[in-house]
Amino acid sequence: MGILTRRVSHVDDMDRRLLSALRDCGTDRRVAMAARALSWSGEHGALWLGAGLLGAVVDRERRGAWLRGTALTAAAHLASMGVKRVVRRPRPGVEIGVEPLVRTAGRHSFPSSHAASAAAAAVAYGALRPLGARLVPPLAAAMCVSRMVVGVHYPSDVAAGAALGAVAARLGAHWVAGGIRR
């Protein structure tokens, strides 16, 4: 076995162990309920798209920036779905000892679209201080963790999704900030 194969095997083993440990947190009824609620609200980026639109309504002075941030969040979500169609990694399942707590819209796991839209929202809306910077990042982090607690993503899926979303939003940060008056 070559060094690359051993490293991939080691990462895969760590992925499974971390997933199992986080999924075990879902045995607490309150944790499972919160993770399910986050999972449901983040489906297709709904929570983040709704938050951006609400921000545009509430913060009239920066309406355009909120709308551009919402567009970047949607773009990150769509990009992650495109990557999923190429990679086609199966979701974790009973065969590795993980019983999911929620149903999923698709069967592919890599990258996590929930994490992509959450990280994109954290970066894009986080620039819209103070509201976006205070509320969105902790909720986005909870969303990312919830995908492992409900047992539908490996940690590497979530990390890749979060990286994809953060990079997409960061690349568009100048565009989002274009309409902000300070």
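Scroll up for the structure.
Notes on the structure in this doc start here. (Residues numbered from 1 in each chain as written. Predicted model: local features only at pLDDT ≥ 70, side-chain atom pairs only at ≥ 80, totals over all residues. Heavy atoms only, no water.)

## Quick word on the packing of helix 3 (residues 46-58) against helix 4 (residues 63-87)
Argument step 1. As a packed pair, helix 3 and helix 4 sit with axes 8 Å apart at the nearest point and diverge in direction by 170°. Taken together, the axis directions place helix 3 and helix 4 in an arrangement best described as roughly antiparallel. Contacts from W48, L49, A51, G52, L53, G55, A56 and V57 of helix 3 reach helix 4 at R63, W66, L67, T70, T73 and A74.
Argument step 2. For the contact of helix 3 with helix 4, the per-class residue count stands at nine nonpolar, four polar and one charged. (Axes fitted to C-alpha atoms, helices over the stretch in contact; angles between N-to-C directions. Helix = DSSP H or I, 4+ residues; strand = E, 2+ residues; numbered from the N terminus. Parallel < 35°, antiparallel > 145°, perpendicular 65-115°, else oblique. Contact = heavy atoms within 4.5 Å. Nonpolar A, V, L, I, M, F, W, Y, C, P; charged D, E, K, R; others polar.)

## Observations concerning the nonpolar core
Argument step 1. If you look at the biggest cluster of nonpolar residues, it comprises 26 residues, and the most contacted ones within it are W48, A118, Y125 and V136.
Argument step 2. Secondary-structure elements contributing two or more residues to this core are helix 3, helix 4, helix 5 (113-126), helix 6 (131-149) and helix 7 (155-171).
Argument step 3. With seven residues, helix 5 is the largest single contributor of residues to this core.
Argument step 4. When neighbours within four sequence positions are excluded, V136 is seen to be in contact with W48, A121, A122 and Y125.
Argument step 5. One finds L101, V102, V149 and V152 within the second-largest nonpolar core, a separate group that totals seven residues. (Core = buried A, V, L, I, M, F, W, Y, C linked by side-chain atoms within 4.5 Å. Buried < 20%, exposed > 50% of the residue type's maximum accessible area, 1.4 Å probe, protein only.)

## Notes on the side chain of R89
Argument step 1. Note on placement: R89 falls in the loop between helix 4 and helix 5.
Argument step 2. Judged by its relative accessible area of 18%, R89 falls in the buried class.
Argument step 3. Here the side chain of R89 touches D15 through a polar contact of 3.2 Å, side chain to side chain.
Argument step 4. One polar contact links R89 to S156, side chain to side chain, over a distance of 2.9 Å.
Argument step 5. Discounting residues that sit within four places of it in the chain, R89 has contacts with D12, D15, R107, H108, S109, F110, Y154, S156 and D157. (Polar contact = N/O pair within 3.5 Å; in protein donor to acceptor, adjacent residues only side chain to side chain.)

## Considerations on the packing of aromatic side chains
Argument step 1. One pass over the structure, following the stated rule, counts one aromatic pair.
Argument step 2. Between W66 and Y125 the ring centres are 5.2 Å apart and the planes differ by 40°, which places this aromatic pair in the tilted class. Of this pair, W66 sits in helix 4 while Y125 sits in helix 5, placing them 59 residues apart in sequence. With respect to burial, W66 and Y125 carry one shared label: buried. (Phe/Tyr/Trp six-rings, centres within 6.5 Å; stacked < 30°, edge-to-face > 60°.)

## Quick word on the pattern of salt bridges
Argument step 1. Within the structure shown, the criterion is met by four salt bridges.
Argument step 2. Residues R30 and D28 are paired through a salt bridge, measuring 3.1 Å at the closest nitrogen-oxygen approach.
Argument step 3. Residues D59 and R62 are paired through a salt bridge, measuring 2.7 Å at the closest nitrogen-oxygen approach. Each member of the pair, D59 as well as R62, is classed as buried. (Salt bridge = Lys/Arg side-chain N within 4 Å of Asp/Glu carboxyl O.)

## A closer look at the packing of helix 4 against helix 7
The angle between the axes and the distance between the axes are what describe a pair of packed helices.
Argument step 1. Here helix 4 crosses helix 7 at 140°, and the two axes come no closer than 9 Å. Judged by the angle between their axes, helix 4 and helix 7 are oblique. Of the two possible hands of crossing, helix 4 and helix 7 adopt the one that is right-handed. Counting all contacts with helix 4, which are made through L72, A76, A79 and S80, the residues of helix 7 involved are L164, G165, A168 and A169.
Argument step 2. Residue composition of the contact of helix 4 with helix 7, by class: six nonpolar, two polar and no charged. (Left-handed = near helix turned anticlockwise from the far one by under 90°.)

## Digging into helix 7
Argument step 1. The terminal C-alpha atoms of helix 7 lie 24 Å apart, and with 17 residues this matches the ideal 24 Å at 1.5 Å per residue to within 8%.
Argument step 2. The complete set of buried residues in helix 7 reads P155, D157, V158, G161, G165 and A169. In an axial view of helix 7, the angular spread of the buried residues amounts to 155°, which keeps them on one side of the axis. Opposite the buried face of helix 7, at more than 90 degrees from it, the exposed residues are R170 and L171. (Expected span 1.5 Å × (residues − 1). Arc of directions from axis to C-beta.)

Shape descriptors only; they carry no functional weight alone.
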